[in-house]
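One letter stands for each residue in the lines below.
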Amino acid sequence: MLYLILTFISVALRSGLGGLEEGNSGRSFISMAAKPFFIPPSPPAKTTPLFNIIFLLPLLSLVAGHEAVELEQYPLVVSTWPFVEAVRAAWSAADGGASAVDSVVEGCSACEELRCDGTVGPGGSPDENGETTIDALIMDGVTMEVGAVAAMRYVKDGIKAARLVIQHTEHTLLAGEKASEFAISMGLLGPTNLSSPESMEMWAKWKDSRCQPNFRKNVLPANSCGPYHATNYLGHSDETCSSTGQMLTSNSGLLHVGLHSHDTISMAVIDRMGHIAVGTSTNGATFKIPGRVGDGPIAGSSAYAVDEVGACCATGDGDIMMRFLPCYQVVESMRLGMEPKLAAKDAIARIARKFPDFLGAVVALNKKGEHAGACHGWTFKYSVRSPSMKDVEVFTVLP
(Lines give C-alpha, C1' and ligand atoms only; values in the text may rest on other atoms or scores of the structure.)
Protein backbone atom coordinates (compact mmCIF):
# COMPACT_ATOMS: atom_id res chain seq x y z
CA MET A 1 0.00 0.00 0.00
CA LEU A 2 2.75 2.43 0.94
CA TYR A 3 4.61 1.64 -2.30
CA LEU A 4 1.49 2.32 -4.43
CA ILE A 5 0.91 5.68 -2.74
CA LEU A 6 4.50 6.79 -3.28
CA THR A 7 4.40 5.67 -6.92
CA PHE A 8 1.21 7.63 -7.53
CA ILE A 9 2.65 10.75 -5.93
CA SER A 10 5.81 10.49 -8.04
CA VAL A 11 3.87 10.15 -11.29
CA ALA A 12 1.51 12.99 -10.41
CA LEU A 13 4.32 15.37 -9.52
CA ARG A 14 6.20 14.59 -12.74
CA SER A 15 3.02 15.24 -14.68
CA GLY A 16 2.45 18.57 -12.93
CA LEU A 17 6.00 19.77 -13.45
CA GLY A 18 5.80 18.80 -17.10
CA GLY A 19 2.69 20.91 -17.47
CA LEU A 20 4.48 23.89 -15.99
CA GLU A 21 7.40 23.61 -18.42
CA GLU A 22 5.10 23.27 -21.40
CA GLY A 23 2.67 26.00 -20.39
CA ASN A 24 4.32 28.60 -22.66
CA SER A 25 3.79 26.56 -25.81
CA GLY A 26 0.26 25.54 -24.89
CA ARG A 27 0.75 22.03 -26.24
CA SER A 28 2.53 18.82 -25.32
CA PHE A 29 3.21 15.33 -26.53
CA ILE A 30 2.61 12.11 -24.55
CA SER A 31 4.42 8.96 -25.59
CA MET A 32 2.26 5.84 -25.42
CA ALA A 33 3.58 2.53 -26.77
CA ALA A 34 6.40 4.50 -28.41
CA LYS A 35 3.89 6.46 -30.54
CA PRO A 36 3.60 10.25 -30.06
CA PHE A 37 0.12 11.70 -29.68
CA PHE A 38 -0.58 15.39 -30.12
CA ILE A 39 -2.53 17.03 -27.32
CA PRO A 40 -4.49 20.11 -28.47
CA PRO A 41 -3.90 23.42 -26.74
CA SER A 42 -5.62 23.74 -23.41
CA PRO A 43 -6.08 26.52 -20.85
CA PRO A 44 -2.83 27.68 -19.30
CA ALA A 45 -1.27 24.82 -17.34
CA LYS A 46 0.46 26.97 -14.77
CA THR A 47 -2.37 26.16 -12.34
CA THR A 48 -1.86 22.40 -12.70
CA PRO A 49 1.08 22.03 -10.30
CA LEU A 50 -0.75 23.96 -7.59
CA PHE A 51 -3.81 21.76 -8.04
CA ASN A 52 -1.68 18.61 -7.89
CA ILE A 53 0.11 19.75 -4.75
CA ILE A 54 -3.17 20.59 -3.00
CA PHE A 55 -4.60 17.24 -4.08
CA LEU A 56 -1.54 15.34 -2.91
CA LEU A 57 -1.22 16.91 0.54
CA PRO A 58 -3.60 14.38 2.19
CA LEU A 59 -1.66 11.50 0.62
CA LEU A 60 1.63 12.90 1.86
CA SER A 61 0.15 13.16 5.33
CA LEU A 62 -1.01 9.55 5.09
CA VAL A 63 2.49 8.37 4.15
CA ALA A 64 4.09 10.38 6.92
CA GLY A 65 1.53 9.09 9.37
CA HIS A 66 2.16 5.49 8.33
CA GLU A 67 5.89 5.89 8.88
CA ALA A 68 5.31 7.54 12.27
CA VAL A 69 3.08 4.70 13.48
CA GLU A 70 5.68 2.10 12.52
CA LEU A 71 8.43 3.98 14.31
CA GLU A 72 6.30 4.61 17.38
CA GLN A 73 5.18 1.01 17.87
CA TYR A 74 8.13 -1.24 17.08
CA PRO A 75 10.27 -2.82 18.28
CA LEU A 76 8.49 -3.79 21.48
CA VAL A 77 9.60 -6.11 24.29
CA VAL A 78 7.43 -7.44 27.12
CA SER A 79 8.54 -9.80 29.90
CA THR A 80 7.16 -11.27 33.07
CA TRP A 81 8.61 -9.84 36.30
CA PRO A 82 11.06 -6.92 36.73
CA PHE A 83 13.77 -8.70 34.75
CA VAL A 84 15.02 -5.35 33.50
CA GLU A 85 18.42 -6.45 32.19
CA ALA A 86 16.86 -9.23 30.16
CA VAL A 87 14.43 -6.79 28.56
CA ARG A 88 17.27 -4.39 27.80
CA ALA A 89 19.20 -7.17 26.08
CA ALA A 90 16.21 -8.15 23.94
CA TRP A 91 15.45 -4.51 23.13
CA SER A 92 19.04 -3.81 22.10
CA ALA A 93 18.96 -6.75 19.70
CA ALA A 94 15.56 -5.88 18.23
CA ASP A 95 16.36 -2.18 17.94
CA GLY A 96 19.53 -3.13 16.08
CA GLY A 97 17.52 -5.02 13.49
CA ALA A 98 17.57 -8.57 14.87
CA SER A 99 14.58 -10.80 14.26
CA ALA A 100 11.98 -11.36 16.96
CA VAL A 101 13.22 -14.93 17.50
CA ASP A 102 16.86 -13.88 17.88
CA SER A 103 15.88 -11.02 20.18
CA VAL A 104 13.95 -13.38 22.45
CA VAL A 105 17.01 -15.63 22.62
CA GLU A 106 19.18 -12.67 23.60
CA GLY A 107 16.78 -11.58 26.31
CA CYS A 108 16.21 -14.99 27.87
CA SER A 109 19.93 -15.84 27.63
CA ALA A 110 20.73 -12.70 29.62
CA CYS A 111 18.33 -13.83 32.33
CA GLU A 112 19.87 -17.31 32.37
CA GLU A 113 23.34 -15.84 32.79
CA LEU A 114 22.15 -13.51 35.56
CA ARG A 115 20.23 -16.37 37.23
CA CYS A 116 17.24 -14.08 37.60
CA ASP A 117 15.71 -14.53 41.07
CA GLY A 118 17.46 -17.90 41.28
CA THR A 119 14.63 -19.44 39.23
CA VAL A 120 16.08 -18.97 35.73
CA GLY A 121 19.24 -20.63 34.47
CA PRO A 122 21.62 -22.83 36.48
CA GLY A 123 22.22 -22.76 40.20
CA GLY A 124 18.68 -22.63 41.54
CA SER A 125 15.48 -24.54 42.31
CA PRO A 126 16.92 -27.93 43.31
CA ASP A 127 14.65 -30.95 43.00
CA GLU A 128 14.21 -33.62 45.67
CA ASN A 129 17.63 -35.01 44.78
CA GLY A 130 19.30 -31.59 44.91
CA GLU A 131 19.70 -31.36 41.13
CA THR A 132 18.87 -28.35 38.97
CA THR A 133 17.31 -28.95 35.55
CA ILE A 134 16.16 -26.58 32.81
CA ASP A 135 12.89 -26.06 30.93
CA ALA A 136 12.73 -23.65 27.98
CA LEU A 137 10.66 -22.82 24.91
CA ILE A 138 10.76 -20.57 21.88
CA MET A 139 7.94 -19.96 19.40
CA ASP A 140 7.96 -18.13 16.06
CA GLY A 141 4.62 -16.39 15.58
CA VAL A 142 5.14 -16.19 11.82
CA THR A 143 5.78 -19.87 11.06
CA MET A 144 4.19 -21.28 14.25
CA GLU A 145 7.34 -23.34 14.77
CA VAL A 146 8.09 -24.28 18.37
CA GLY A 147 11.26 -25.64 19.93
CA ALA A 148 11.41 -26.71 23.56
CA VAL A 149 13.46 -28.67 26.08
CA ALA A 150 12.16 -30.12 29.35
CA ALA A 151 13.93 -31.43 32.46
CA MET A 152 17.21 -30.90 30.61
CA ARG A 153 20.27 -31.86 32.65
CA TYR A 154 23.90 -30.73 32.41
CA VAL A 155 23.31 -27.88 29.89
CA LYS A 156 22.79 -24.34 31.18
CA ASP A 157 21.69 -22.63 27.94
CA GLY A 158 18.01 -23.52 27.91
CA ILE A 159 16.71 -20.99 25.39
CA LYS A 160 19.53 -21.69 22.94
CA ALA A 161 18.83 -25.41 23.21
CA ALA A 162 15.17 -24.71 22.45
CA ARG A 163 16.12 -22.77 19.32
CA LEU A 164 18.32 -25.67 18.21
CA VAL A 165 15.26 -27.92 18.32
CA ILE A 166 13.62 -25.64 15.74
CA GLN A 167 16.73 -25.29 13.63
CA HIS A 168 17.86 -28.91 13.49
CA THR A 169 14.85 -31.18 14.09
CA GLU A 170 11.30 -31.75 12.95
CA HIS A 171 10.26 -32.15 16.60
CA THR A 172 8.76 -29.68 19.03
CA LEU A 173 9.95 -30.90 22.45
CA LEU A 174 12.96 -32.90 23.67
CA ALA A 175 13.22 -34.02 27.29
CA GLY A 176 15.62 -35.21 29.96
CA GLU A 177 19.13 -36.46 29.43
CA LYS A 178 18.50 -37.06 25.72
CA ALA A 179 17.72 -33.38 25.32
CA SER A 180 21.08 -32.67 26.94
CA GLU A 181 22.88 -35.02 24.54
CA PHE A 182 21.21 -33.33 21.58
CA ALA A 183 22.12 -29.83 22.76
CA ILE A 184 25.75 -30.78 23.35
CA SER A 185 25.96 -32.51 19.96
CA MET A 186 24.74 -29.27 18.34
CA GLY A 187 27.53 -27.26 19.94
CA LEU A 188 26.33 -26.07 23.34
CA LEU A 189 28.69 -26.41 26.30
CA GLY A 190 28.29 -29.45 28.51
CA PRO A 191 28.01 -31.59 30.43
CA THR A 192 28.01 -29.04 33.27
CA ASN A 193 26.95 -29.31 36.89
CA LEU A 194 23.95 -26.99 37.12
CA SER A 195 23.94 -26.87 40.93
CA SER A 196 25.46 -24.02 42.92
CA PRO A 197 26.59 -23.60 46.55
CA GLU A 198 23.37 -21.68 47.17
CA SER A 199 21.13 -24.38 45.71
CA MET A 200 22.92 -27.12 47.62
CA GLU A 201 22.62 -25.21 50.87
CA MET A 202 18.91 -24.73 50.24
CA TRP A 203 18.51 -28.43 49.56
CA ALA A 204 20.46 -29.42 52.69
CA LYS A 205 18.20 -27.29 54.90
CA TRP A 206 15.15 -28.85 53.30
CA LYS A 207 16.53 -32.34 53.97
CA ASP A 208 17.13 -31.38 57.60
CA SER A 209 13.45 -30.45 57.79
CA ARG A 210 12.48 -34.02 56.88
CA CYS A 211 11.94 -33.00 53.25
CA GLN A 212 8.92 -30.93 54.16
CA PRO A 213 7.02 -29.38 52.56
CA ASN A 214 7.01 -31.17 49.22
CA PHE A 215 4.85 -31.84 46.19
CA ARG A 216 3.73 -35.35 47.13
CA LYS A 217 0.28 -36.34 48.35
CA ASN A 218 -1.42 -39.49 49.56
CA VAL A 219 1.88 -41.26 50.17
CA LEU A 220 3.49 -43.10 53.04
CA PRO A 221 7.18 -42.35 53.66
CA ALA A 222 9.28 -45.32 54.72
CA ASN A 223 11.45 -42.70 56.42
CA SER A 224 11.40 -38.92 56.68
CA CYS A 225 12.48 -38.37 53.07
CA GLY A 226 11.24 -41.49 51.32
CA PRO A 227 11.30 -43.71 49.40
CA TYR A 228 7.57 -43.18 49.17
CA HIS A 229 4.67 -45.57 48.64
CA ALA A 230 1.02 -44.95 47.91
CA THR A 231 -1.20 -45.10 50.99
CA ASN A 232 -3.06 -48.06 49.49
CA TYR A 233 0.19 -49.86 48.67
CA LEU A 234 -0.37 -53.61 49.23
CA GLY A 235 2.67 -53.94 51.45
CA HIS A 236 1.28 -51.49 54.05
CA SER A 237 -2.15 -51.69 55.63
CA ASP A 238 -3.83 -48.85 57.50
CA GLU A 239 -3.21 -50.70 60.76
CA THR A 240 0.51 -50.82 60.05
CA CYS A 241 0.54 -47.07 59.37
CA SER A 242 -1.13 -46.15 62.64
CA SER A 243 0.77 -48.67 64.76
CA THR A 244 4.19 -47.52 63.63
CA GLY A 245 3.28 -43.82 63.83
CA GLN A 246 4.73 -43.15 60.40
CA MET A 247 3.96 -39.74 58.91
CA LEU A 248 1.37 -39.46 56.15
CA THR A 249 2.00 -36.71 53.65
CA SER A 250 -1.33 -35.28 52.48
CA ASN A 251 -2.58 -32.27 50.55
CA SER A 252 -2.11 -30.07 53.63
CA GLY A 253 1.64 -30.60 53.47
CA LEU A 254 2.09 -29.67 49.84
CA LEU A 255 4.66 -27.07 48.92
CA HIS A 256 2.93 -24.01 47.50
CA VAL A 257 4.42 -22.03 44.67
CA GLY A 258 5.54 -18.64 45.95
CA LEU A 259 6.95 -15.42 44.57
CA HIS A 260 10.51 -16.76 44.42
CA SER A 261 9.91 -20.48 44.03
CA HIS A 262 8.93 -20.40 40.37
CA ASP A 263 9.58 -17.12 38.52
CA THR A 264 9.58 -18.16 34.88
CA ILE A 265 10.83 -15.55 32.46
CA SER A 266 8.31 -15.44 29.65
CA MET A 267 9.12 -12.86 26.99
CA ALA A 268 7.47 -11.53 23.84
CA VAL A 269 9.21 -9.43 21.17
CA ILE A 270 7.81 -7.62 18.15
CA ASP A 271 10.72 -6.74 15.86
CA ARG A 272 11.13 -3.77 13.51
CA MET A 273 9.37 -5.68 10.73
CA GLY A 274 6.35 -6.21 12.96
CA HIS A 275 6.95 -9.95 13.41
CA ILE A 276 6.43 -11.54 16.80
CA ALA A 277 8.02 -14.35 18.82
CA VAL A 278 7.91 -15.58 22.41
CA GLY A 279 10.24 -17.54 24.65
CA THR A 280 10.54 -18.89 28.18
CA SER A 281 13.22 -20.24 30.49
CA THR A 282 13.06 -21.60 34.03
CA ASN A 283 14.69 -24.12 36.33
CA GLY A 284 11.27 -25.08 37.61
CA ALA A 285 9.64 -25.40 41.00
CA THR A 286 11.90 -25.73 44.04
CA PHE A 287 11.99 -29.25 45.54
CA LYS A 288 9.96 -30.68 42.67
CA ILE A 289 9.77 -34.43 42.21
CA PRO A 290 12.60 -35.48 39.84
CA GLY A 291 11.31 -35.68 36.27
CA ARG A 292 8.64 -33.04 36.80
CA VAL A 293 7.96 -30.79 33.82
CA GLY A 294 6.03 -27.57 34.36
CA ASP A 295 4.36 -25.24 31.91
CA GLY A 296 7.61 -23.56 30.82
CA PRO A 297 8.19 -25.70 27.71
CA ILE A 298 4.49 -26.08 26.86
CA ALA A 299 3.30 -23.91 23.95
CA GLY A 300 0.01 -22.25 24.76
CA SER A 301 0.59 -22.42 28.49
CA SER A 302 3.71 -20.41 29.39
CA ALA A 303 3.71 -18.46 26.12
CA TYR A 304 2.02 -18.26 22.73
CA ALA A 305 2.27 -16.03 19.66
CA VAL A 306 0.36 -15.53 16.43
CA ASP A 307 1.90 -12.98 14.09
CA GLU A 308 -1.30 -11.32 12.94
CA VAL A 309 -2.85 -11.20 16.43
CA GLY A 310 -0.35 -10.83 19.27
CA ALA A 311 1.21 -12.78 22.11
CA CYS A 312 0.89 -13.88 25.70
CA CYS A 313 3.39 -14.56 28.49
CA ALA A 314 2.59 -16.46 31.71
CA THR A 315 4.14 -17.36 35.04
CA GLY A 316 3.03 -19.05 38.23
CA ASP A 317 1.89 -22.49 39.30
CA GLY A 318 2.65 -24.30 36.07
CA ASP A 319 1.21 -27.63 37.20
CA ILE A 320 -2.22 -26.01 37.34
CA MET A 321 -1.88 -23.43 34.58
CA MET A 322 -0.81 -25.94 31.94
CA ARG A 323 -4.18 -27.67 32.33
CA PHE A 324 -5.90 -24.56 30.95
CA LEU A 325 -3.44 -23.32 28.26
CA PRO A 326 -4.04 -19.72 29.38
CA CYS A 327 -1.80 -18.09 26.77
CA TYR A 328 -3.53 -19.88 23.92
CA GLN A 329 -6.81 -18.67 25.41
CA VAL A 330 -5.55 -15.08 25.62
CA VAL A 331 -4.36 -14.94 22.01
CA GLU A 332 -7.51 -16.54 20.65
CA SER A 333 -9.65 -14.13 22.66
CA MET A 334 -7.74 -11.21 21.14
CA ARG A 335 -8.19 -12.78 17.69
CA LEU A 336 -11.94 -12.57 18.30
CA GLY A 337 -11.66 -8.87 19.11
CA MET A 338 -11.15 -8.82 22.87
CA GLU A 339 -8.75 -6.14 24.11
CA PRO A 340 -5.62 -7.35 25.99
CA LYS A 341 -6.86 -6.41 29.47
CA LEU A 342 -10.11 -8.34 29.14
CA ALA A 343 -8.41 -11.29 27.44
CA ALA A 344 -5.89 -11.57 30.27
CA LYS A 345 -8.55 -11.31 32.99
CA ASP A 346 -10.74 -13.88 31.29
CA ALA A 347 -7.94 -16.45 31.06
CA ILE A 348 -7.03 -16.05 34.74
CA ALA A 349 -10.68 -16.20 35.82
CA ARG A 350 -11.15 -19.53 34.05
CA ILE A 351 -8.40 -21.04 36.22
CA ALA A 352 -9.48 -19.36 39.46
CA ARG A 353 -12.99 -20.76 39.18
CA LYS A 354 -11.59 -24.28 39.45
CA PHE A 355 -8.53 -23.59 41.61
CA PRO A 356 -9.27 -20.56 43.82
CA ASP A 357 -5.97 -20.92 45.71
CA PHE A 358 -3.66 -21.00 42.70
CA LEU A 359 -0.97 -18.36 42.08
CA GLY A 360 -0.42 -17.13 38.55
CA ALA A 361 -0.35 -14.28 36.06
CA VAL A 362 -0.46 -13.55 32.34
CA VAL A 363 0.52 -10.62 30.14
CA ALA A 364 -1.37 -9.97 26.90
CA LEU A 365 0.11 -8.04 23.97
CA ASN A 366 -1.58 -7.22 20.68
CA LYS A 367 -0.11 -6.02 17.39
CA LYS A 368 -1.16 -2.44 18.11
CA GLY A 369 1.36 -2.44 20.95
CA GLU A 370 -1.34 -2.50 23.62
CA HIS A 371 -0.46 -4.61 26.66
CA ALA A 372 -2.07 -5.56 29.97
CA GLY A 373 -1.63 -8.07 32.76
CA ALA A 374 -3.90 -10.05 35.06
CA CYS A 375 -3.06 -12.13 38.12
CA HIS A 376 -4.50 -14.20 40.94
CA GLY A 377 -3.20 -14.84 44.43
CA TRP A 378 -0.27 -12.41 44.32
CA THR A 379 0.79 -8.96 43.17
CA PHE A 380 2.42 -9.32 39.78
CA LYS A 381 4.88 -7.12 37.90
CA TYR A 382 5.93 -7.15 34.26
CA SER A 383 8.45 -5.17 32.21
CA VAL A 384 8.07 -3.30 28.93
CA ARG A 385 10.35 -1.42 26.53
CA SER A 386 9.02 0.48 23.54
CA PRO A 387 10.33 3.26 21.28
CA SER A 388 8.41 5.84 23.31
CA MET A 389 10.23 4.85 26.52
CA LYS A 390 13.69 6.02 27.52
CA ASP A 391 14.32 2.76 29.39
CA VAL A 392 12.49 -0.32 30.61
CA GLU A 393 9.32 0.40 32.57
CA VAL A 394 7.83 -1.94 35.17
CA PHE A 395 4.05 -2.26 35.50
CA THR A 396 2.30 -3.52 38.64
CA VAL A 397 -0.85 -5.64 38.48
CA LEU A 398 -2.97 -6.20 41.59
CA PRO A 399 -4.92 -9.45 42.09
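Here's a quick rundown of the structure. (Residues numbered from 1 in each chain as written. Predicted model: local features only at pLDDT ≥ 70, side-chain atom pairs only at ≥ 80, totals over all residues. Heavy atoms only, no water.)

**What about the packing of helix 3 (residues 84-95) against helix 4 (residues 100-114)?**
Quick note on the threshold: For every element, the axis is a line fit to its C-alpha atoms; helices are fit only across the contacting stretch, and the angle between N-to-C directions ranges from 0 to 180 degrees. Here a strand is any run of E in DSSP of at least two residues, a helix any run of H or I of at least four, and the numbering for each starts at the N terminus. Convention used here: angles under 35 degrees read as roughly parallel, angles over 145 as roughly antiparallel, angles from 65 to 115 as roughly perpendicular, and any remaining angle as oblique. It is the rotation of the near helix from the far one that decides the hand of a crossing: anticlockwise by less than a right angle makes it left-handed, clockwise makes it right-handed. The contact criterion used throughout is that any non-hydrogen atoms of two residues lie within 4.5 Å. Each residue is assigned to one of three groups, with Ala, Val, Leu, Ile, Met, Phe, Trp, Tyr, Cys and Pro labelled nonpolar, Asp, Glu, Lys and Arg labelled charged, and all others, Gly among them, labelled polar.
With their axes 7 Å apart at the nearest point, helix 3 and helix 4 run at an angle of 150 degrees to one another. Taken together, the axes of helix 3 and helix 4 are roughly antiparallel relative to one another. The element helix 3 and its partner helix 4 pack so that their crossing is right-handed. Within the contact between the two elements, helix 3 uses Glu85, Ala86, Ala89, Ala90, Ala93 and Ala94 and helix 4 uses Ser103, Glu106, Gly107, Ala110, Cys111 and Leu114. Here the contact of helix 3 with helix 4 is composed, by residue class, of 8 nonpolar, 2 polar and 2 charged.

**Notes on the sheet that holds strand 5 (residues 146-152)**
How we decide: A pair of strands is labelled paired if DSSP reports no fewer than 2 bridges between them.
Strands sit in the order 6-5-4-10-9-3-15-16 across an open sheet of 8 strands; the sheet is mixed. Lying at the two open borders of the sheet, with one neighbouring strand each, are strand 6 (173-175) and strand 16 (393-397). Neighbour-to-neighbour, the strand axes of the sheet open up by a mean angle of 15 degrees, direction not taken into account. Two strands pair when backbone bridges link them, and strand 5 and strand 6 are joined in this way by 3 bridges, in the parallel orientation. Its bridge partner lying in strand 6, valine 149 is registered against leucine 174. In the packing of helix 3 onto the sheet, contacts are made with strand 3 (76-80), strand 9 (265-270), strand 15 (380-385) and strand 16, and the angle to strand 9 comes to roughly 25 degrees.

**Side note on the packing of helix 10 (residues 326-335) against helix 11 (residues 340-354)**
Where helix 10 contacts helix 11, the axes come no closer than 9 Å and their chain directions differ by 145 degrees. Crossing geometry of helix 10 relative to helix 11 is assigned as right-handed. From helix 10, Pro326, Gln329, Val330, Ser333 and Met334 reach across to helix 11, where they touch Pro340, Ala343, Ala344, Asp346, Ala347, Arg350 and Ile351. Residues of the contact of helix 10 with helix 11, tallied by class, amount to 8 nonpolar, 2 polar and 2 charged.

**Re the pairing of strand 13 (residues 360-366)**
Note the threshold: Buried, partly exposed and exposed residues are distinguished by accessible area as a fraction of the type maximum, computed with a 1.4 Å probe on protein chains only: under 20%, between the cut-offs, and over 50%, respectively.
Counting buried residues along strand 13, 7 of its 7 residues qualify, which places the element largely inside the surrounding structure. In strand 13, alternate side chains face the same way, and those of Gly360, Val362, Ala364 and Asn366 on one face and Ala361, Val363 and Leu365 on the other are all buried. Pairing of strand 12 (residues 310-316) with strand 13 involves 7 bridges; the strand directions are antiparallel. The residue of strand 13 that forms the bridge with alanine 314 is valine 362. Pairing of strand 13 with strand 14 (residues 371-376), which is carried by 6 bridges, proceeds in the antiparallel orientation.

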